[in-house]
Amino acid sequence: LPGSRKDWVEGLKRESGQFKKISVKHRGDNPNNWLHDKKSWRLKRKKSDLKDGMRVFNYSLPRDSALINTYMGYYIADKMNIPVPKFNFVEIYINDEYQGLYLETQHIDENYLRMSKIMPVNIYKGTPSRTDKPLNLDSDLFNNPFLWKKSAVFNARDSSNFSDLERLLVLIRASVNNAEKMHELEEVADIKKWATFSAYETIMQSWHNYEKNNMYLIS
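The residue count restarts for each chain, going from 1 along the sequence in the order it is written. Only residues with pLDDT of at least 70 are given local features in this predicted model, and only at 80 or more are side-chain atom pairs given and counted; all residues enter the totals for whole chains, interfaces and linings. Excluding hydrogens and water, the side-chain values take into account all heavy atoms of the structure.

A. Highlighting the overall build of the chain. Each helix and strand in the chain was counted, giving five helices and nine strands. Walking the chain from its N terminus toward its C terminus, one meets helices and strands in the order β-β-β-β-α-β-β-α-β-β-α-α-α-β. The reference for a compact globule is 2.2 Å times residues^0.38; the radius of gyration itself is calculated from the C-alpha atoms. At 19 Å, the chain has a C-alpha radius of gyration in line with the 17 Å of a compact globule built from 219 residues. The dimensions of the chain, computed from C-alpha atoms along their principal axes, are 60 × 40 × 40 Å. Residue burial is assigned from relative accessible area. The probe radius is 1.4 Å, only protein chains are included, and a residue is buried under 20% of its type maximum, exposed over 50%, and partly exposed in between. Residue burial in the chain is summarised as follows: out of 219 residues, 34% are buried. Working rule for contacts: check all heavy atoms of both residues, and any pair within 4.5 Å makes them a contact. A separation threshold of at least 6 residues defines the contact pool for the chain, and within that pool the share at least 24 residues apart is 51%. Note on areas: these come from Shrake-Rupley sampling with a 1.4 Å probe, and a residue is covered only by the protein chains present in the view. In the form shown here, the chain has an accessible surface area of approximately 14000 Å², with 50% of it arising from carbon and sulfur atoms. Counting rule applied: Lys, Arg positive; Asp, Glu negative; His and chain ends not counted. Note on charges: their place is set at NZ of Lys, CZ of Arg, CG of Asp or CD of Glu. Taking the 34 positively charged and 28 negatively charged side chains of the chain as two groups, their mean positions are separated by 4 Å. Strands are runs of DSSP state E lasting at least 2 residues, helices are runs of H or I lasting at least 4, and numbering of each runs from the N terminus.

Structure (C-alpha cells):
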C-alpha cells in the first residue's frame with residue numbers, strides 16, 4: 001500500500017457451506033479506507049455467479065463511528081425515492097479472523113442501472129483521488145468536467161463523450177444572472193428532484209456530497 005490498493009486479488013468466499021471464487025481489493029482513495037488495521041473492501045463475483053442479480057459489493061467503514069447513522073442515510077433516501085444502491089449490515093471474517101461490523105452496499109455501475117430500471121444513461125462519478133491528483137489541478141467538480149469519471153456509459157455515445165456533463169456545468173454558471181439560461185437549466189435538470197435531494201440533506205443534517213467530492217450524477 002498505497003500502490004497496490006487498486007489491484008484485484010483472487011480469493012474465496014464461503015457461502016452456504018461452499019467456497020465461491022471471487023476477486024477482492026481495497027476500496028477508496030482516502031487513506032482512512034486502507035491505512036488502518038480495519039480496511040474497506042470491494043468484492044467482485046464471477047459473471048456466472050451473481051447474488052440477487054448483483055456482482056460487485058462494497059464493504060465500507062463510514063467515518064461516523066455510529067454505523068447506524070450511515071445506514072439511516074441510505075434508508076431515508078430509499079423512502080424518499082432517491083436512487084440508492086442496496087444496503088445491509090454484515091459481519092466479516094477474513095482468513096477466519098473476525099473483522100467486525102461493516103456496511104455492505106451494491107456497487108454503482110451498469111448492473112445497478114439495470115436492476116433500478118433506469119437504463120440507458122451515463123452515471124458520472126465525482127470522487128477525485130486523494131492520492132493521485134496533481135497538486136495544481138482545480139478541485140471544484142463544477143468547474144472541470146474532466147474531474148469526473150463514468151461509472152456507466154450511455155451506449156449510444158462514445159465513452160469519452162462528456163458533452164452532456166459539459167453542457168450542464170456551463171448552464172449552471174450561465175444561469176446565475178441569465179433568466180433564459182436558468183429556464184434552459186430547469187429543462188435539463190429536474191428542479192423537483194434536486195429539491196427532494198436538498199430536503200434529504202437537510203433532514204439528515206449531512207452534506208457528504210459537496211463540490212469537491214462524493215458526487216454522483218445520473219444523466
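Now that the structure has been shown, the text picks up again.
B. Highlighting the layout of surface pockets. In the cavity and pocket records, a cavity denotes points on a 1 Å grid over the protein atoms alone where a 1.4 Å probe fits but cannot get out, a pocket denotes an open set with protein on both sides within 12 Å along at least 5 of 7 lines, and lining residues are residues with an atom within 4 Å of a point. Grid points are joined across faces, edges and corners, and a volume is the space filled by probe spheres set on the points. Here the second largest pocket is characterised by a volume of approximately 780 Å³. What lines the second largest pocket is a set of 21 residues, and nearest its centre among them are Leu 12, Lys 13, Arg 14, Tyr 93 and Ile 94. Breaking the lining of the second largest pocket down by element, the ones donating at least two residues are β1 (9-15), β2 (18-26), β3 (41-45) and β5 (87-94). In this classification, Asp, Glu, Lys and Arg are treated as charged, Ala, Val, Leu, Ile, Met, Phe, Trp, Tyr, Cys and Pro as nonpolar, and every other residue, Gly included, as polar. Partitioning the lining of the second largest pocket into residue classes produces eleven nonpolar, two polar and eight charged.

C. Just the confidence of the model for the chain, in detail. Residue-level confidence of the predictor, termed pLDDT, takes values from 0 up to 100. Looking at the chain as a whole, its pLDDT mean stands at 87, while 95% of the residues score no less than 70. At the low end of the mean pLDDT range in the chain sits helix α2 (residues 110-116), at 81; at the high end sits β3, at 96.

D. Summary view of the sheet that holds strand β8 (residues 149-152). Pairing between strands is defined by DSSP: at least two bridges between them are needed. The antiparallel open sheet is built from three strands, whose spatial order is β8-β7-β9. A single partner strand is all that each edge strand has here, and the edge strands are β8 and β9 (215-218). Neighbour-to-neighbour, the strand axes of this sheet turn through a mean angle of 30 degrees, independent of strand direction. Every angle, taken between N-to-C directions, lies between 0 and 180 degrees, and every axis is a line fitted to C-alpha atoms, over only the stretch in contact when it is a helix.

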